[in-house]
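Results of the structural survey
Residues per chain, in single letters:
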Amino acid sequence: MPTGPVGTGTEEGSADASVHQELSRFSNFLKQQGFKITSQRLLVAEKIFDLKDHFTVDSLSEALKDRRSEISRATIYRIISLMVEAGQLIEHNFGQSVKYYEPVHGKEHHDHMVCTDCGLIQEFHHQDIERLQEAMAEKLGFELIDHSLNLYGKCTVLKATGKCRKAEAEKRLE
Ligand SMILES: [Zn+2]
Ligand SMILES: [Zn+2]
(Lines give C-alpha, C1' and ligand atoms only; values in the text may rest on other atoms or scores of the structure.)
(Ligands and ions follow the chains in the order given, each with its own letter.)
Protein backbone atom coordinates (compact mmCIF):
# COMPACT_ATOMS: atom_id res chain seq x y z
CA MET A 1 0.00 0.00 0.00
CA PRO A 2 1.43 3.38 -0.93
CA THR A 3 2.03 5.66 2.02
CA GLY A 4 3.44 8.68 0.25
CA PRO A 5 2.38 10.79 -2.70
CA VAL A 6 2.32 9.01 -6.01
CA GLY A 7 3.48 11.10 -8.87
CA THR A 8 5.05 8.38 -10.90
CA GLY A 9 3.06 5.69 -12.59
CA THR A 10 0.65 8.13 -14.25
CA GLU A 11 0.68 8.80 -17.94
CA GLU A 12 1.33 12.52 -17.59
CA GLY A 13 4.83 12.04 -16.23
CA SER A 14 6.07 14.18 -13.39
CA ALA A 15 3.77 16.71 -11.80
CA ASP A 16 5.21 19.95 -10.49
CA ALA A 17 6.59 20.35 -6.99
CA SER A 18 3.56 22.15 -5.54
CA VAL A 19 1.30 19.29 -6.65
CA HIS A 20 3.57 16.83 -4.83
CA GLN A 21 3.53 19.01 -1.74
CA GLU A 22 -0.27 19.18 -1.73
CA LEU A 23 -0.48 15.43 -2.29
CA SER A 24 1.70 14.69 0.69
CA ARG A 25 -0.32 17.09 2.84
CA PHE A 26 -3.43 15.25 1.72
CA SER A 27 -2.02 11.79 2.47
CA ASN A 28 -0.94 13.03 5.89
CA PHE A 29 -4.48 14.24 6.48
CA LEU A 30 -5.87 10.83 5.47
CA LYS A 31 -3.42 9.07 7.75
CA GLN A 32 -4.22 11.33 10.73
CA GLN A 33 -7.95 10.85 10.23
CA GLY A 34 -7.52 7.11 9.93
CA PHE A 35 -8.70 6.94 6.31
CA LYS A 36 -7.30 4.43 3.90
CA ILE A 37 -4.78 5.75 1.43
CA THR A 38 -5.50 3.96 -1.81
CA SER A 39 -3.72 4.53 -5.10
CA GLN A 40 -7.06 5.49 -6.66
CA ARG A 41 -7.67 8.16 -4.03
CA LEU A 42 -4.24 9.62 -4.61
CA LEU A 43 -4.69 9.47 -8.36
CA VAL A 44 -7.92 11.46 -8.21
CA ALA A 45 -6.37 13.92 -5.73
CA GLU A 46 -3.35 14.39 -7.98
CA LYS A 47 -5.59 15.11 -10.95
CA ILE A 48 -7.49 17.70 -8.92
CA PHE A 49 -4.32 19.47 -7.71
CA ASP A 50 -3.09 19.35 -11.30
CA LEU A 51 -6.24 21.03 -12.65
CA LYS A 52 -5.65 24.23 -10.65
CA ASP A 53 -9.05 25.38 -11.84
CA HIS A 54 -12.73 25.33 -11.02
CA PHE A 55 -14.30 21.98 -11.79
CA THR A 56 -17.49 20.01 -11.30
CA VAL A 57 -17.84 16.30 -10.57
CA ASP A 58 -18.82 15.89 -14.23
CA SER A 59 -15.84 17.75 -15.65
CA LEU A 60 -13.53 15.87 -13.31
CA SER A 61 -14.83 12.46 -14.34
CA GLU A 62 -14.45 13.57 -17.95
CA ALA A 63 -10.81 14.48 -17.23
CA LEU A 64 -10.25 11.07 -15.64
CA LYS A 65 -11.84 9.14 -18.49
CA ASP A 66 -8.59 8.21 -20.22
CA ARG A 67 -7.51 6.16 -17.22
CA ARG A 68 -7.03 2.47 -17.76
CA SER A 69 -9.10 1.55 -14.74
CA GLU A 70 -12.59 2.93 -14.28
CA ILE A 71 -12.91 5.32 -11.33
CA SER A 72 -16.42 5.35 -9.90
CA ARG A 73 -18.29 8.56 -9.17
CA ALA A 74 -18.61 7.38 -5.58
CA THR A 75 -14.81 7.39 -5.31
CA ILE A 76 -14.66 10.86 -6.86
CA TYR A 77 -17.34 12.23 -4.49
CA ARG A 78 -15.54 10.72 -1.51
CA ILE A 79 -12.17 12.23 -2.43
CA ILE A 80 -13.71 15.64 -3.05
CA SER A 81 -15.42 15.74 0.34
CA LEU A 82 -12.23 14.58 2.06
CA MET A 83 -10.23 17.30 0.30
CA VAL A 84 -12.80 19.92 1.33
CA GLU A 85 -12.52 18.60 4.90
CA ALA A 86 -8.72 18.84 4.67
CA GLY A 87 -9.09 22.50 3.69
CA GLN A 88 -7.36 21.95 0.36
CA LEU A 89 -10.45 22.39 -1.78
CA ILE A 90 -13.07 25.15 -1.74
CA GLU A 91 -16.67 24.33 -2.52
CA HIS A 92 -18.42 27.01 -4.56
CA ASN A 93 -22.11 27.56 -4.96
CA PHE A 94 -22.45 29.57 -8.13
CA GLY A 95 -26.24 29.66 -8.06
CA GLN A 96 -26.59 26.58 -10.25
CA SER A 97 -27.74 23.14 -9.22
CA VAL A 98 -24.22 21.84 -9.73
CA LYS A 99 -21.44 22.54 -7.25
CA TYR A 100 -18.03 23.81 -8.32
CA TYR A 101 -14.75 23.07 -6.59
CA GLU A 102 -11.41 24.82 -6.68
CA PRO A 103 -8.03 23.81 -5.26
CA VAL A 104 -6.69 26.28 -2.70
CA HIS A 105 -2.99 25.90 -3.40
CA GLY A 106 -1.08 28.38 -5.53
CA LYS A 107 -3.92 30.89 -5.62
CA GLU A 108 -4.41 34.26 -4.05
CA HIS A 109 -7.80 35.32 -2.78
CA HIS A 110 -10.12 36.27 -5.63
CA ASP A 111 -13.79 36.80 -6.42
CA HIS A 112 -15.83 35.29 -9.25
CA MET A 113 -17.96 36.50 -12.14
CA VAL A 114 -20.17 33.74 -13.53
CA CYS A 115 -22.03 33.47 -16.85
CA THR A 116 -25.56 32.34 -16.05
CA ASP A 117 -25.83 30.56 -19.38
CA CYS A 118 -22.59 28.69 -20.03
CA GLY A 119 -21.22 28.75 -16.49
CA LEU A 120 -17.98 30.42 -17.57
CA ILE A 121 -16.11 31.54 -14.48
CA GLN A 122 -14.00 34.67 -14.59
CA GLU A 123 -11.79 35.38 -11.61
CA PHE A 124 -11.11 38.91 -10.51
CA HIS A 125 -9.57 40.85 -7.69
CA HIS A 126 -9.98 44.52 -6.97
CA GLN A 127 -8.33 46.29 -4.08
CA ASP A 128 -11.18 48.83 -3.75
CA ILE A 129 -13.80 46.07 -3.45
CA GLU A 130 -11.69 44.29 -0.83
CA ARG A 131 -11.23 47.53 1.10
CA LEU A 132 -14.93 48.41 0.99
CA GLN A 133 -15.89 45.00 2.34
CA GLU A 134 -13.43 45.34 5.19
CA ALA A 135 -14.70 48.85 5.93
CA MET A 136 -18.30 47.60 5.99
CA ALA A 137 -17.40 44.76 8.35
CA GLU A 138 -15.64 47.20 10.64
CA LYS A 139 -18.64 49.52 10.56
CA LEU A 140 -20.87 46.62 11.66
CA GLY A 141 -18.39 45.57 14.31
CA PHE A 142 -17.40 42.36 12.56
CA GLU A 143 -13.98 40.84 12.38
CA LEU A 144 -13.77 39.37 8.89
CA ILE A 145 -12.59 35.78 8.58
CA ASP A 146 -13.47 35.13 4.99
CA HIS A 147 -15.78 36.25 2.23
CA SER A 148 -17.00 35.10 -1.11
CA LEU A 149 -18.31 37.45 -3.76
CA ASN A 150 -20.00 36.05 -6.84
CA LEU A 151 -21.35 38.26 -9.60
CA TYR A 152 -23.70 36.82 -12.24
CA GLY A 153 -24.25 37.93 -15.80
CA LYS A 154 -23.76 37.30 -19.50
CA CYS A 155 -20.28 36.40 -20.76
CA THR A 156 -18.77 38.26 -23.71
CA VAL A 157 -19.73 35.47 -26.15
CA LEU A 158 -23.33 35.43 -24.97
CA LYS A 159 -23.50 39.22 -25.21
CA ALA A 160 -22.02 39.31 -28.70
CA THR A 161 -23.77 36.33 -30.30
CA GLY A 162 -26.82 35.73 -28.12
CA LYS A 163 -25.63 32.22 -27.35
CA CYS A 164 -22.65 30.60 -25.67
CA ARG A 165 -21.45 27.21 -24.60
CA LYS A 166 -24.71 25.95 -23.14
CA ALA A 167 -26.45 26.38 -26.50
CA GLU A 168 -23.51 24.70 -28.23
CA ALA A 169 -23.52 21.82 -25.76
CA GLU A 170 -27.23 21.29 -26.30
CA LYS A 171 -26.66 21.25 -30.05
CA ARG A 172 -24.03 18.54 -29.62
CA LEU A 173 -26.53 16.36 -27.74
CA GLU A 174 -29.09 16.49 -30.53
ZN1 LIG B 1 -21.60 32.31 -21.45
ZN1 LIG C 1 -11.63 30.90 -8.44
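Here the residue numbers are simple positions, counted from 1 along each chain's written sequence. Chains carry letters and ligands carry numbers; both start at the beginning, A for chains and 1 for ligands, and go up in the order they are written. Where local features are concerned, this predicted model is filtered to residues with pLDDT of at least 70; where side-chain atom pairs are given and counted, the filter is 80 or more; whole-chain, interface and lining totals use all residues.

1. Points about helix 5 (residues 127-139)
Along its 13 residues, helix 5 runs 18 Å from first to last C-alpha, staying within 8% of the 18 Å computed at 1.5 Å per residue. One or two residues past the end of helix 5 sits G141, with phi positive at roughly 75 degrees. Secondary structure follows DSSP: runs of H or I at least 4 residues long count as helices, runs of E at least 2 residues long count as strands, and numbering of each begins at the N terminus. Multiplying one less than the number of residues by 1.5 Å gives the expected span of a helix.

2. What to know about helix 1 (residues 17-33)
The first and last C-alpha atoms of helix 1 sit 24 Å apart over 17 residues, in line with the 24 Å expected at 1.5 Å per residue. Think of it as a crowd count around each C-beta: if 20 or more other C-beta atoms lie within 10 Å the residue is buried, if 12 or fewer it is exposed, and in between it is partly exposed, with C-beta placed from the backbone throughout. Taken together, the buried positions of helix 1 are occupied by V19, E22, L23, F26, S27 and L30. Taken down its axis, helix 1 places every buried residue within 135 degrees of arc, on the same side. Along helix 1, the residues that are exposed and aim more than 90 degrees away from the buried face are A17, K31 and Q32. Where helix 1 terminates, the next one or two residues include G34, which has phi positive at roughly 75 degrees. By arc we mean the arc of the directions from the helix axis to the C-beta atoms, nothing more.

3. A look at the environment of F29
Structurally, the position occupied by F29 is in helix 1. When the C-alpha positions of F29 and E85 are compared, they lie 9.3 Å apart, and in sequence the two are 56 residues distant.

4. Considerations on the packing of helix 2 (residues 39-51) against helix 4 (residues 73-85)
Where helix 2 contacts helix 4, the two axes come as close as 10 Å, and the packing angle between them is 65 degrees. Taken together, helix 2 and helix 4 sit at an angle that is classed as roughly perpendicular. Every pair of crossing elements has a handedness; the one defined by helix 2 and helix 4 is right-handed. Along the contact surface, helix 2 presents Q40, R41, V44, A45 and I48, while helix 4 presents T75, I76, I79 and M83. Partitioned by chemical class, the residues of the contact of helix 2 with helix 4 number six nonpolar, two polar and one charged. Working convention: axes come from line fits to C-alpha atoms, limited for helices to the stretch in contact. Angles between N-to-C directions cover 0 to 180 degrees. Orientation is classified from the angle alone, with under 35 degrees giving roughly parallel, over 145 giving roughly antiparallel, 65 to 115 giving roughly perpendicular, and any other angle giving oblique. Handedness of a crossing follows from how the near helix is turned relative to the far one, being left-handed for an anticlockwise turn of less than a right angle and right-handed for a clockwise one. Working definition of a contact: two residues with C-beta atoms, positioned from the backbone, lying within 7 Å. When residue character is reported, Ala, Val, Leu, Ile, Met, Phe, Trp, Tyr, Cys and Pro are called nonpolar, Asp, Glu, Lys and Arg charged, and the others, Gly included, polar.

5. Quick notes on the packing of helix 1 against helix 2
Where helix 1 meets helix 2, the axes come as close as 10 Å, and the angle between the chain directions of the two elements is 140 degrees. Judged by the inter-axis angle, helix 1 sits oblique to helix 2. Crossing geometry of helix 1 relative to helix 2 is assigned as right-handed. Every residue of helix 2 that contacts helix 1 at V19, E22, L23, F26 and S27 is listed here: L42, A45, E46, F49 and D50. For the contact of helix 1 with helix 2, a count of residues per class yields six nonpolar, one polar and three charged.

6. Details of the sheet that holds strand 3 (residues 111-115)
Pairing between strands is defined by DSSP: at least two bridges between the two strands are required. Strand order across the open sheet formed by three strands is 4-3-5, with mixed pairing between neighbours. Where the open sheet ends on each side, the last strands, each with one partner, are strand 4 (121-124) and strand 5 (150-153). Averaged over all adjacent pairs, the angle separating strand axes in this sheet is 20 degrees, with direction ignored. Relative to strand 5, strand 3 runs parallel, the two sharing four bridges. When the bridges of strand 5 are listed, M113 appears paired with L151.

7. A few points about the nonpolar core
Inside soluble globular proteins, nonpolar side chains tend to come together where they are buried. Counting residues in each nonpolar core, the largest one holds 19 residues, and the members touching the most others are L23, A45, I48, I79, I80 and M83. At the level of elements, helix 1, helix 2, helix 4 and strand 2 (100-103) are the ones that each hand at least two residues to this core. Take this core: its biggest share by element is five residues, from helix 2. Ignoring sequence-local partners within four residues, the contact set of I79 consists of R41, V44 and A45. Only buried Ala, Val, Leu, Ile, Met, Phe, Trp, Tyr and Cys residues enter a nonpolar core, and they are joined through C-beta atoms within 7 Å.

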